[in-house]
Amino acid sequence: MPGFVIVYNRRTGASEVTAYNAPTGHRDALRRRLELEEQRTDADVEVVSLVSDSIDTIRRTHSRYFAHEVSRVG
Amino acid sequence: MSCSGTPAWGRSPKQPTTAGSWAGAPTPSAPSNSSPPGRVQRECRRALTTLGLVGLKNLPPLCDLTAPSWSGKQLRRLGEALRDGEPVPDSGPSYGDVMAYYDDLAAAVLHLIRELDWSSLLVDRPPPEITARAKTLTTLAEKLRRDPATPLPSVQDIAGVRFESAMTLEEQTIVAHAIASAFELDPATACHDLRQSHHSGYRAVHVWLRLPQGRVEVQVRTRLQGRWANLYEAMADLLGREIRYGEVPAEPVARQAVEAVQGISVNEIARLELLRQSLADQRNARTDAMGRTLGPVDPSLARAEHDVAELERQVVEQLEAAYRALAVHRH
């Protein structure tokens, strides 16, 4: 199932979204999330990986991450 | 673990949803009808039939998951290390191994729930929005510190699934019960109704799946409950995540803002959802078993539906205004 990595700054609301659209994309997203968590130095930054059939679904169920978003394809 | 076969997903003709008052309806002043005992259970059984829900825990991809190679004791030690910020013991699983397992578990449960024919229950509405995730390092460590009596193997929501749809309170109950029953769990113990006993304003129904493969929390939310929860989490990002656990900020302006947003949930949205339920009850009382309207449209019901739609528009505007205020505060 597709996966999405969101790097979200709790203080500013800014986020960067990367989509992993392969059928097992959620595993790629989780791997990337673990790497980013490892590298993280700012405690205000949250790194999350989400599983969904589309980014539009996540925009609705996790709307707080999308106030100031930059999107990428992984 | 063996699979019992391929899913026979329900593809029954659409049935009207019989709505009734939610058994946990809070405010006595709000409109509500008394629901015959066992109504939700009956509706849940019907939903299970029309959804084709049977023994999901024995179906792929859930039963294809390889059982974890670690013991409960090793998982507990990992949790202690995460909680205390200490190195992870070499003898057990890594944090990454555990997260990868629970991410697959959450994805498998999402897949099974998504494949069901929800249109037979949530008639004439878009498909539910369903997402999943494994808990992040920060929130997991926070949880282990906040509740040291709960070791990692007992944390219910390492794997989490979110189910959102436009639905009445009774439909929300039926969805939660149907999900629990589909995984062969007793809804009375698996479903946790946070609509009446809300947590800092948070209202939803959570289903605690305790499966042979591990624990998963399914959050079942109406659209408005979901929108509110996102707003409140965004507030918590700025004002401190403690506001999600009963604390209020000491600073008066922040405290007022938190209480005002909690009020939108426990007063405005709760009242609106009770009104919607009441209208659904009246509408369903005027339909036959095939969902056909009996007799002419009642003008007072149409007027009431218009008024409730206007009330919903106002509530959504309140939520959006609160979001705008938050954005201004951030900049």
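In the block above lies the structure referred to throughout.
These numbers were taken from a predicted model, which means no experiment stands behind them. (Residues numbered from 1 in each chain as written. Chains lettered and ligands numbered in written order. Predicted model: local features only at pLDDT ≥ 70, side-chain atom pairs only at ≥ 80, totals over all residues. Heavy atoms only, no water.)

Colleague: So what exactly am I meant to see when it comes to the overall build of chain A here?
Modeller: Looking only at helices and strands, chain A features two helices and four strands. Along the chain direction, N to C, the helices and strands of chain A fall in the order β-β-α-β-α-β. Taken over C-alpha atoms, the radius of gyration comes to 11 Å for chain A, in line with the 11 Å a tight globule of 74 residues would show. Oriented by its inertia axes, the alpha-carbon framework of chain A measures out at about 35 × 25 × 15 Å. Taking all 74 residues of chain A together, 51% fall into the buried category. Partitioning the intrachain contacts of chain A with sequence separation of at least 6 by distance along the chain shows that 58% fall at a separation of at least 24. Just so you have it, chain A exposes about 3400 Å², and 49% of that area is on carbon and sulfur atoms. Taken as two groups, the 11 positive and 11 negative side-chain charges of chain A have centres that lie 2 Å from each other. (Helix = DSSP H or I, 4+ residues; strand = E, 2+ residues; numbered from the N terminus. Rg over C-alpha atoms; globule rule 2.2 N^0.38 Å. Buried < 20%, exposed > 50% of the residue type's maximum accessible area, 1.4 Å probe, protein only. Contact = heavy atoms within 4.5 Å. Areas by Shrake-Rupley, 256 points an atom, 1.4 Å probe, with all protein chains shown as cover. Lys, Arg positive; Asp, Glu negative; His and termini not counted. Charge placed at Lys NZ, Arg CZ, Asp CG, Glu CD.)

Colleague: Looking at this structure, I do not really get the overall build of chain B. What am I missing?
Modeller: Secondary structure summary: chain B contains nine helices and five strands in total. Ordered by position from the N terminus, the helices and strands of chain B form the series α-α-α-β-α-β-α-α-β-β-β-α-α-α.

Colleague: Would you mind showing me how to read the packing of helix α7 (residues 223–239) of chain B against helix α9 (residues 299–330) of chain B here?
Modeller: A pair of packed helices can be characterised by two numbers: the angle between their axes and the separation between those axes. All names here are of chain B. Packing of α7 against α9 leaves a shortest axis separation of 11 Å and a crossing angle of 20 degrees. As the angle between them shows, α7 and α9 are arranged roughly parallel. For the pair α7 and α9, the crossing hand works out as left-handed. Contact residues: Leu 224, Arg 227, Trp 228, Asn 230, Leu 231, Ala 234, Met 235, Asp 237 and Leu 238 in α7; Glu 312, Val 315, Val 316, Leu 319, Glu 320, Ala 322, Tyr 323, Leu 326, His 329 and Arg 330 in α9. Of the residues assigned to the contact of α7 with α9, the class counts are 12 nonpolar, two polar and five charged. (Axes fitted to C-alpha atoms, helices over the stretch in contact; angles between N-to-C directions. Parallel < 35°, antiparallel > 145°, perpendicular 65-115°, else oblique. Left-handed = near helix turned anticlockwise from the far one by under 90°. Nonpolar A, V, L, I, M, F, W, Y, C, P; charged D, E, K, R; others polar.)

Colleague: Got a minute to help me understand the pairing of strand β2 (residues 159–165) of chain B in this structure?
Modeller: Residues and elements named next belong to chain B. Here β2 lies mainly inside the structure; seven of its seven residues are buried. Covered by surrounding structure in β2 are Ala 159, Val 161, Phe 163 and Ser 165 together with Gly 160, Arg 162 and Glu 164, the residues of both alternating faces. The sheet contact formed by strand β1 (residues 129–134) and β2 spans six bridges and is antiparallel. The residue of β2 that forms the bridge with Thr 131 is Arg 162. (Pairing = 2+ DSSP bridges.)

Colleague: Could you clarify how one ought to interpret the packing of aromatic side chains in this entry?
Modeller: In this description, a pair of aromatic rings is defined by centroid distance and the angle of the planes. Residues and elements named next belong to chain B. Overall, the coordinates contain five aromatic pairs over all chains when judged by the stated rule. Each ring, one from Trp 70 and one from Tyr 101, has its centre 5.8 Å from the other, and the planes form 85 degrees; the classification is edge-to-face. You can see Trp 70 sitting in the loop between α1 (39–51) and α2 (72–84) and its partner Tyr 101 sitting in helix α3 (residues 95–114), a full 31 residues away along the chain. By relative accessible area, Tyr 101 is classed as buried at 9%. An aromatic cluster is built from Trp 70, Tyr 101 and Tyr 102, whose rings are joined through pairwise contacts. Just above the ring of Tyr 245 sits the side chain of Arg 146; from NZ or CZ to the centre is 3.7 Å. (Phe/Tyr/Trp six-rings, centres within 6.5 Å; stacked < 30°, edge-to-face > 60°. Lys NZ or Arg CZ within 6 Å of the ring centre and 35° of its normal.)

Colleague: How should I be thinking about the nonpolar core in this particular structure?
Modeller: As a rule of thumb, soluble globular proteins bury nonpolar side chains together. All names here are of chain B. The biggest cluster of nonpolar side chains holds 63 residues, and the ones touching the most others in it are Val 109, Phe 163, Ile 179, Phe 183 and Val 207. Of the residues forming this core, the biggest block, 13 residues, is contributed by α3. When neighbours within four sequence positions are excluded, Phe 183 is seen to be in contact with Leu 56, Lys 57, Leu 62, Val 109, Leu 112, Ile 113, Leu 209 and Leu 211. If you look at the next biggest cluster of nonpolar residues, it comprises 27 residues, including Leu 194, Leu 275, Leu 279 and Leu 301. (Core = buried A, V, L, I, M, F, W, Y, C linked by side-chain atoms within 4.5 Å.)

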